[in-house]
Amino acid sequence: MRLLRKRSTELPKQFLMKPTHLLWTPALAFWWRDVIRFLRQRNRIIGALATPLVFWMLVGSGFGPSFRNPGALTSAAATGSYLAYFFPGTLVLIMLFTAIFSTISVIEDRREGFLQGALVAPLSPAAIPLGKFLGGTTLAVLQAALFCVLAPLAGLPIGWHQAALLLPALVFVGFAMTGMGFLVAWPMDSTQGFHAIMNIFLMPLWMMSGALFPMPAGTGWLYWAGALNPVSYGVTAIRSSFAATSGTALPAGYLTGLVVTALFAAVMFVISVNLVAKRSKRN
Amino acid sequence: MSESKTHAIVVNDLVKSFGERRALDGISLEVRRGELFCLLGPNGGGKSTLFRILATLSLPDSGTAKIAGHDVVSAAAEVRARLGVVFQSPSLDGKLTILENLRCGGALYGLTGTELESRIAEATKALNLRDRLNDIVETLSGGLQRRAEIAKCLLIRPEVLLLDEPSTGLDPGARLDLWAALEKLRSEHGVTSLCTTHLMEEAARADRVGIVSSGKLVALGTPDELTAAIGGDVISLGVSKETGADQLAKLITSKTGIPATVVEGEVRIEHVEAYALAARLAGEFPKEITSLRIARPTLEDVFIARTGRLFADQDLEPDMNAPVKKKKH
């Protein structure tokens, strides 16, 4: 009881100096909590990994015979098989699902859960988004990396060269996906609302990204839907990673995909921080 | 700033509306340092709105509130650093152990390393949680969970503790434990506690009580002061259908000169010599009176005396056919 007994009106020094700038310690706590929670809920691992796996095998096998890639892929990755084409799209789907599962908890957590306590703590407004983004990204990248083990089954090469390009691509895509999930979840007051947004907004973004079918060139609406869709660039970055060679040149489209995805992730983060900083008037 | 030395919480003319409904209609109150203060009121009366504003979660439309001398709107960070908040719904992570929850909770306030560990040791000792540290929270009883919540708040050594309906879902034994813990915090560490509650028995344990109804503070004082102001004991009369409560109240007032009121179908009289008066009334109105009850005034009577209605959820329409709540004595 020694420390408690000293209490009176004195506060620990760190509070008196910078009460508003607690960022990394709480963010890391959020991150750690997300990872532990995930590992303790086995059904979430299955949901995020098995669903896209089944999707990949069924859709991939079904469309396979009738699929003709108009030539987006070249070199080693251009096996022409739809299972190979769909593989990067499935990786993005895994990350999208993981991000959704890890951010949907925000909705209930804010009203009755751990986040309530965080909202009355002297945190930087960036602390909660940072922790959640890091948590969601970690889980998404881990699961995507696990799925990459299956790449040879799709006829895609996976070695050090590919992994070196894949890792940053997966990290930025994971961050961006978690960001989208967080932005949708934070203002919501029911998980049903989240599902609605997911179906009419998040899934179409994924479908129109070149993940499921090649986006046409030209000037049609489908072309623009792909070109203006930030998810397309993530898919491109991941897809082109598989085309990595031992040479120093980066595969076509990789750098643009990576940079646009990173920018998109940054925008998601900035908007999230602003959203959290607003103390709601309606409460 | 002398006010902030003597007062932990100062609320001044706070107003908050949700659309048409005024949840807070100009509430002012002060909570002294080291006090155990209870905000008593029916659900929907405004106390949770006040709680959320004090906890820096919600913004008032007008008026001010200060905690430890800091404004909850303009100096929220200062307030948060000094404030422990125990929510009605748990703010622990059910999938984590108590220890993991406490570590995360401490991290939210920048506590790490040996400092955090020693505070965890002390807080869990104060609340008798030492041997449950590695239990997963969702497997614990409600009482233990609530104690773990309070332990989490103690890590930051708060000056002020806000508790929203802290005994919700607790069995009587766990409620006693909770109050023992709050009293210990007050007596040993000078922590000021403000609880919201809709339970009379709970409010009666506080140093002072503020009664909130329809967004207004209708009474403020120690439980003894408030009940003493009733002026004697309370007689409640059940009335036969033929007569009707309004009619009987008029009859009684005209015959005895003693004011009688009607609350939810019963006639209610406060009187210093309640037993003698009751005997007299029973003799004079044998047909009209169907039941007679005499009781020491409780905080519920204070509520009825100040608002003219029974203490029930304010969102609900009063049901005239429902049996009137029995008082416990």
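Scoring rules and cut-offs
Residues numbered from 1 in each chain as written. Chains lettered and ligands numbered in written order. Predicted model: local features only at pLDDT ≥ 70, side-chain atom pairs only at ≥ 80, totals over all residues. Helix = DSSP H or I, 4+ residues; strand = E, 2+ residues; numbered from the N terminus. Buried ≥ 20, exposed ≤ 12 C-beta atoms within 10 Å, placed from the backbone. Contact = placed C-beta atoms within 7 Å. Nonpolar A, V, L, I, M, F, W, Y, C, P; charged D, E, K, R; others polar. pLDDT = per-residue confidence, 0-100. Pairing = 2+ DSSP bridges. Axes fitted to C-alpha atoms, helices over the stretch in contact; angles between N-to-C directions. Expected span 1.5 Å × (residues − 1). Domains from an automatic or database assignment. Core = buried A, V, L, I, M, F, W, Y, C linked by C-beta atoms within 7 Å. Left-handed = near helix turned anticlockwise from the far one by under 90°.

> Explain the overall build of chain B to me, using residue names and the numbers behind them.
A tally of helices and strands in chain B yields 12 helices and 14 strands. With the C-alpha coordinates aligned to their principal axes, the bounding extent of chain B is approximately 75 × 40 × 35 Å. Scored against the burial criterion, the 329 residues of chain B give a buried share of 47%. Pairs at least 24 residues apart make up 71% of the contacts formed inside chain B by residues separated by at least 6 positions.

> Now, about the interface of chain A and chain B: what can you tell me, with residues and values included?
Listed by partner, the interface residues are 35 residues for chain A and 41 residues for chain B. Of all the elements in the fold, those that place two or more residues in the side of chain A that touches chain B are α1 (2–5), α2 (13–17), α3 (24–40) and α6 (114–119) of chain A. Across the side of chain A that touches chain B, the residue classes tally to 17 nonpolar, 10 polar and eight charged.

> Would you mind going over helix α12 (residues 299–307) of chain B in detail, with residue names and values included?
Counting buried residues in α12 of chain B gives eight out of nine residues, a clear majority hidden from the surface. Note on α12 of chain B: the residue one or two positions beyond its end, G308 of chain B, has a positive phi of about 75 degrees.

> How would you summarise the confidence of the model for chain B if you had to cite specific residues and measurements?
Overall, the predicted model of chain B reaches an average pLDDT of 85, with 93% of residues at or above 70. Both confidence scores are given for the complex: pTM 0.80, ipTM 0.81.

> Describe in detail the sheet that holds strand β7 (residues 160–164) of chain B, supporting the description with residues and values.
Residues and elements named next belong to chain B. The sheet built from six strands is open, its strands ordered β6-β7-β8-β3-β9-β10 with mixed pairing. Whereas interior strands pair on both sides, the edge strands pair on one side only; in this sheet they are β6 (83–86) and β10 (216–221). Recorded for the sheet is a direction-independent mean angle of 15 degrees between the axes of neighbouring strands. Where strand β3 (residues 36–40) and strand β9 (residues 208–213) come together, four bridges link them in parallel fashion. Among the inter-strand pairings, L40 is bridged to a residue of β9, identified as I211. On top of the sheet, helix α2 (residues 47–54) reaches β3, β7, β8 (192–197) and β9; it is set at about 145 degrees to β7, its chief contact.

> Give a description of helix α4 (residues 42–63) of chain A that names residues and reports values.
Residues and elements named next belong to chain A. With 22 residues, α4 extends 31 Å from end C-alpha to end C-alpha; this agrees with the ideal 32 Å at 1.5 Å per step. Those residues of α4 that fall on the buried side of the exposure criterion are A48, P52, W56 and G60. Among the structural elements, α5 (82–111) and α7 (127–148) are those in contact with the buried residues of α4.

> Explain the domain arrangement of chain B to me, and be specific about the residues and the numbers.
Residue and element names in this part refer to chain B. Each assigned domain of chain B is listed here: domain 1 (2–221) and domain 2 (230–307). Taken together, the contacts link nine residues of domain 1 with seven residues of domain 2. Taken together, the elements giving at least two residues each to the side of domain 1 that touches domain 2 come down to α8 (200–203), β9 and β10. At three residues, the largest contribution of residues to the side of domain 1 that touches domain 2 is made by β9.

> I'd like a description of the nonpolar core, backed by residues and values.
Ranked by size, the top nonpolar core spans 153 residues in total, and within it V92, M95 and L96 of chain A together with L54 and L162 of chain B carry the most contacts. Here this core spans two domains, and each of domain 1 (2–221) and domain 2 (230–307) of chain B adds at least three residues to it. L96 of chain A has contacts with M177, L202 and W206 of chain A, leaving out every residue within four places of it along the chain. Membership of the second largest hydrophobic core comes to 13 residues, among which are L248, I252, I269 and A278 of chain B.

> Could you give me a rundown of the packing of α5 of chain A against α7 of chain A, with the residues and numbers involved?
Residue and element names in this part refer to chain A. Put simply, α5 and α7 touch, their axes get as near as 9 Å, and they point 150 degrees apart. In this structure, the crossing between α5 and α7 has a hand that is right-handed. On α7, the residues that touch L91, I94, M95, T98, A99, S102, T103 and V106 of α5 are K132, G135, G136, L139, A140, Q143, A144 and F147.

> Residue-level account of the pairing of β6 of chain B, with values.
Residues and elements named next belong to chain B. Of the two faces of β6, the one holding L83 and V85 and the one holding G84 and V86 are both buried throughout. Relative to β7, β6 runs parallel, the two sharing four bridges. Bridge pairing links V85 to L162 in β7.

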